[in-house]
Each structure stands twice: as C-alpha cells, then as structure tokens.
Amino acid sequence: MLSLSSISKTISSKLLFENLTFQLGEVEKVALIGRNGIGKTTLFRLITEEDKDYSGEISKSRDYKIIKTEQEFFLDHEITPLDYILNFVPKYRELHKVMKDYELDPSHDMDEITKFSDAIEEFHSLNFSQIDNEIIQTLESFGINMEQSLNPMMKMSGGEKRFVELCKVIYSQADIVLIDEPTNHMDYVGKEKFIAWLKSFKKLVIVITHDRDILQVVDKIIELTPNGSKVFSGNYDKYIKQNSISNVSDINSYKTELDKIERLKELYLNFRKIKQMVASPAARTSAAKKEERYYQEYLKAKAELVKPEFWIDQESLLGQSKKVLEDYDKFKSKSINFKSFLVEDKSLNTATLIKIQDLTLGFGERILTKNLNFQISMGDKVEIRGRNGAGKSTFLKYIINSYSQNKIIGFISGKIELHPKLKVGVYEQEIDNSELELTLAQIIRKLYDSENLAFNDQELSRVLANYLFDPILDKGLKLKSCSGGQKARIQLIKMLISNPNILILDEPTNHLDLSSIEEFESMLKDYQGAVLYVSHDNYFRKNMGGKVVEF
C-alpha cells in the first residue's frame, strides 16, 4: 500500500535522513521511532505531500486516502469539535453546501432542482442526517460530553483535543492514518481507550511515539537513523531483543571498517617511507604508485564510512560480554549528559522540604481536591495520580507559585510549609509563548542570567552539546522552529539550571526518545533530592516508584 524508496531529506544544510526505504501493507500497526530531531514529523509531511522537497520516491496504492493528526494544535480555536470533525467526513460539506445554497436561493432551474434532488438522496443514503448525533456519541465514548462537543475547542485540554483528532480519523474513512505523539496529554484512562481503538483498527496506521505502552501493541517498529532506517517485526519487547542483536552486529561491522581504514593508512605511510629510502629509480616509482593507490583507497574508505546510531537498553546490556560492553561504551550514540546532583547542605539530608496540611483546591464552587495532607522529604518520590481535570496540574502550579511567590491559583483553604532552603526545578508540558521568537542561544543566556551564572560562548557550546544540540548549527535556531523533542530538551535545561533539591515533573517523558528516557530515568534514580511527578507512562511510573497521592 505504501512504499518509500531511497528517501533523503535536508533542511538548510542539515541532513535529516538519507536512503530511507521500507514498504507497508494495507492492515498494519506501525510505530515510527528515532532520535529527537531525526525528522519523524517531517517524514509525515513528505508522505502527505505537504512537503515535496526531497529525493527518492514515495508511492501508495491509487486513490488511497491519507489523513494525519496534529502533534500541536494551531487551529481556529473558535471551531467546535463537531464542526471540525465534519470537515473531514468525505462528501459531507460538498452535499451540505448544495442543499444550503438551494434553500437560500428561491429561483431554481431544472438543473439546480436535479442537483438538489440528487444531493438529498445521496446525503440520506450516506446516513448524514444522523451523523451529528453519531459523532457526539463517539466523542462521549472518549469522555467528551455534548456541551464540549458543541462549544469552541479553545476550552478543551490537550488530551481532549487528541480525542477530537482520533474521532476525525474515525469519520474520515482514510486508508492510511498518520498519528503524531497520540498519548501526550492523555490520562491513563484516555490512553487505555486509545490502545483499545488501535488494537481494533483495521487499516494502515503509522504512529510516531516513544510511549512504551503504545509500542507494546504495534505489529512493526521502524527506527529512523541518519543513514537510513531499520525495520523490526513485532512489538516493543521484540524490538528490544532484535535491537540488541542488531547493534552488536553493527558495532562489529563498524570496528571492521575502522580497522580497514587504519590498515590502508599504515600501508600508504609505509610505502611513502620506502619511496624515500630506496636508491633505485624503478623501485622509487613502484613505491610511489603503491603509496598513491593505498592513499586513494584510504580516502575513499574514510569518506564512505558512516557511524551508525548505537543504542542498547540497560536490561539487554546485562547479558553482554565484557568485550561487547567495552565496545558499546566506546561507540554508543551520545545521550543527554545530565548534570550530577550533590546535596551540598548536609542539614537537608533528612529535611522535610514541603508539608501540605488540610489543603483544598478548586475554582469557585468546583472542588478539585479536599483536605489534602502529606509531606515530601529529601529522597522521596511522590506520584500525583488522577484523571485529566482532577486538579493534578493545578496542584503542581500551586506548589510552584507558592515557591516563587506568584499569584496562588486554585487555592481555597489549608496550609503549605516550604523549607527555607527549598530550590525547585520544574519540567512543564507547555512552552512559554513569549519565547517562541528567541533563539536557543538567547534562551540559554536568559536562563544563566536569571541564576546569576557566568556565561560565555564556550559554556553555550557545552550546554548545547550536552543536550544533543549541534553547538554550531542549532544555536541560532528559533524555539518556534524546534521539534517537540527539541523543546522538551530546552525544558530539561530550564529545570536543572538552578541545581534544585526538588524536581516537579509534569509528563516528563512526552517527546523524549527512548535512549533519552532511559538516561533521564537513570539520572532520577541517582538523584538525591525529592521528586514530585505526574506521569501516565506506565514504564516510567514503575521505574520511579515511590508513594502515590490519588486525586
């Protein structure tokens, strides 16, 4: 149904991927993964023909319809979910317009009457007279009530908008569905509903995701790399096993190529010495020819060498030999270099950082949580768990605003005590819109200035490199042009800049790739401060552990 052959894509001077080749059938559930910034969302734009600036060939079965969901929503927020979905129902708007135009114009000739009659007949044959109610019922099955369906989308949460996108897919009658980061902003009930839908879907669906719960239910995983793609049959568990075997093989192949280059270098240098040492003109000429031959072979082999992306999960590494571990450590792909955290003030080792007493949060008559009591000490891991709209983010904002002495949002009654030496680092889901026009260099300089830290070009390059940005190409990149993963890494820089003793995390694994998630989880295990978090990533929750406060 869908075939990609030797696809290469460059943006400005940056090569995203090249020689991308794979074929997909009519009924498959496929996950698209890869390092942040590799071009996964860009590839979707190539498939939908929104972007035609690439080399290679993309072909699909004739007349097959493609639909794509949005990762971020820059919609007309005044449109209602019902009207938005109806825009994607085949022939609905076309037939509706014919009937509407007929009613508005009192004078009709025979052709117009015939056209109107045909439109009414087809409208009813397609069951469009009931489609409004059907869409509203489908939205209700995803937790969106009738009032929300008929009101502007601007009033909806990010998770609710994702279900609107899913309903758009259901009613579009598309043959190929492209879904970008579907579970970001969904709560655990929403994710369960999405997984149930995905399992039952009988068309070709390609999902960009690093959500391991979703990866567990797909049929195939395609990993984008700078020099092509790797196709893995099966779900996440099978991918992990296949990826480990593939990476060990790739590392050995890469070492073989490096050894070959080194041998060619030794050969041409040896013949250069021989050429200078021998007296015979004939011997000197022979040595010179061999020097040139091996030198050209050396240059060719060096130019053709491309280092693959190497990543093996920590669990798979446990069963590898010492030699494999040494080679992997030497050649593995670079992951985010998180700062090491040390608690400099020993008096904080057993300190209670935050104490919540009889806290009630809400807005007006709407109570989100009532008489909440718990405390967070150094080393604690605390999960805030509950449905979307239960008050989790409001509670986190309450803590953050109490710390920064901003306006308290949602407070009704109760008490909060903060340790005088409390330092908070925050990972938020949303980017501040006021920063969208700033470059990465300007944002990082702003962060350093806010903490009164010394800053220069060398420090900028170090920070960018530590968080997997290109110090040269990316420092002038504007935030508005960054991918979701790149924005997530900026949020990590913001969170860690102040050397905090408590981290507040709101869905931290959204947008991070698999290796960065693993690195982040490893850092949090070693972190000596406290962690207060909201996450619907079951793998992350299991790895974090700690106590749960249910909202």
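Since this is a predicted model, take the numbers as computed values, not measurements.

Draft legend 1. A look at the overall build of the chain. Of regular secondary structure, the chain possesses 19 helices and 17 strands. Taken over the C-alpha atoms alone, the chain extends approximately 105 × 80 × 45 Å along its principal axes. With 551 residues in all, the chain has 49% of them scored as buried. By sequence separation, contacts in the chain at least 24 residues apart represent 71% of the contacts at least 6 residues apart. Accessible area for the chain stands at about 27,400 Å²; split by element, carbon and sulfur atoms hold 48% of it. Taking the average place of the 76 positive charges on the side chains of the chain and the average place of its 82 negative ones, the gap between the two points comes to 8 Å.

Draft legend 2. Inspection of the sheet that holds strand E8 (residues 220-225) at higher detail. In space, the 6 strands of this open sheet follow the order E5-E6-E7-E3-E8-E9, with mixed pairing throughout. Of all the strands in the sheet, just strand E5 (66-68) and strand E9 (228-233) have a single pairing partner and so form its edges. Sheet twist, expressed as the mean angle between neighbouring strand axes with direction ignored, is 20°. Pairing of strand E6 (residues 176-180) with strand E7 (residues 204-208), which is carried by 5 bridges, proceeds in the parallel orientation. Bridge pairing in E7 places Leu178 opposite Ile206.

Draft legend 3. Fine view of the environment of Gln491. Within the fold, Gln491 resides in helix H17 (residues 484-496). Classification of Gln491 as buried rests on a relative accessible area of 6%.

Draft legend 4. Seen up close, the environment of Lys68. Tracing the sequence through the fold places Lys68 in strand E5. It is 17 Å that separates the C-alpha atoms of Lys68 and Leu4, two residues lying 64 residues apart in sequence. With near-sequence residues (within four places) excluded, Lys68 lies in contact with Phe44, Thr48, Glu50, Glu165, Lys168 and Leu178. At 3.4 Å, the side chain of Lys68 and the side chain of Glu50 are in polar contact.

Draft legend 5. Representation of the pairing of strand E3 (residues 29-34). Taken across its 6 residues, E3 has 6 buried, putting it largely inside the fold. Of the strand pairs in this sheet, E3 and E7 are connected by 4 bridges, and their pairing is parallel. Across the sheet, Lys29 pairs through a bridge with Val205, a residue of E7. Strand direction decides the pairing type here: E3 and E8, joined by 5 bridges, are parallel. Looking at the pairing, Gly34 lines up with Leu224 of E8.

Draft legend 6. Focus on the confidence of the model for the chain. Per-residue confidence for the chain gives a mean pLDDT of 87, with 95% of residues at or over 70. Per-residue pLDDT, averaged within each element of the chain, yields its smallest value for helix H3 (residues 92-104) (81) and its largest for E7 (96).

Draft legend 7. A look at the pattern of salt bridges. Within the structure shown, the criterion is met by 30 salt bridges. Taking the shortest distance from any N to any O, the salt bridge between Arg385 and Glu383 comes out at 3.6 Å. For the residue pair Arg385 and Glu383, the accessibility class agrees, reading buried in each case. Each of the salt bridges in this network shares a partner with another, and the network as a whole consists of Arg35, Glu309 and Asp513.

Draft legend 8. Broad picture of the nonpolar core. One finds Ile131, Ile135, Val164, Val177, Phe194 and Trp197 to be the most contacted residues of the largest nonpolar core, which totals 42 residues. Contributions of two or more residues to this core are made by helix H2 (81-86), H3, helix H4 (110-125), helix H5 (131-141), helix H7 (158-172), E6, helix H8 (188-200) and E7. If you tally residues by element for this core, the top one is H7, at 6 residues. In contact with Ile131, other than residues within four places in its own chain, are Leu86, Val89, Tyr92 and Tyr171. One finds Ile444, Phe455, Leu492 and Leu505 within the second-largest nonpolar core, a separate group that totals 37 residues.

Draft legend 9. Region of interest: the packing of helix H15 (residues 440-450) against H17. The contact between H15 and H17 brings their axes to 10 Å, and the two run at 15°. For the element pair H15 / H17, the angle class is roughly parallel. As H15 packs across H17, the resulting crossing turns out to be right-handed. In contact with Leu440, Ile443, Ile444 and Leu447 of H15, H17 contributes Ile490, Ile493 and Lys494. Classifying every residue of the contact of H15 with H17 gives 6 nonpolar, no polar and 1 charged.

Draft legend 10. Structural view of H15. Every buried residue of H15 is listed here: Leu440, Ala441, Ile443, Ile444, Leu447 and Tyr448. All buried residues of H15 project into a common sector of 165° when viewed along the axis, lining one side. Elements in contact with the buried residues of H15: helix H16 (457-466) and H17. Remark: Asn452 follows H15 within two positions and exhibits a positive phi of approximately 55°.

Here is what the cut-offs are and how they apply
Residues numbered from 1 in each chain as written. Predicted model: local features only at pLDDT ≥ 70, side-chain atom pairs only at ≥ 80, totals over all residues. Heavy atoms only, no water. Helix = DSSP H or I, 4+ residues; strand = E, 2+ residues; numbered from the N terminus. Buried < 20%, exposed > 50% of the residue type's maximum accessible area, 1.4 Å probe, protein only. Contact = heavy atoms within 4.5 Å. Areas by Shrake-Rupley, 256 points an atom, 1.4 Å probe, with all protein chains shown as cover. Lys, Arg positive; Asp, Glu negative; His and termini not counted. Charge placed at Lys NZ, Arg CZ, Asp CG, Glu CD. Pairing = 2+ DSSP bridges. Axes fitted to C-alpha atoms, helices over the stretch in contact; angles between N-to-C directions. Polar contact = N/O pair within 3.5 Å; in protein donor to acceptor, adjacent residues only side chain to side chain. pLDDT = per-residue confidence, 0-100. Salt bridge = Lys/Arg side-chain N within 4 Å of Asp/Glu carboxyl O. Core = buried A, V, L, I, M, F, W, Y, C linked by side-chain atoms within 4.5 Å. Parallel < 35°, antiparallel > 145°, perpendicular 65-115°, else oblique. Left-handed = near helix turned anticlockwise from the far one by under 90°. Nonpolar A, V, L, I, M, F, W, Y, C, P; charged D, E, K, R; others polar. Arc of directions from axis to C-beta.

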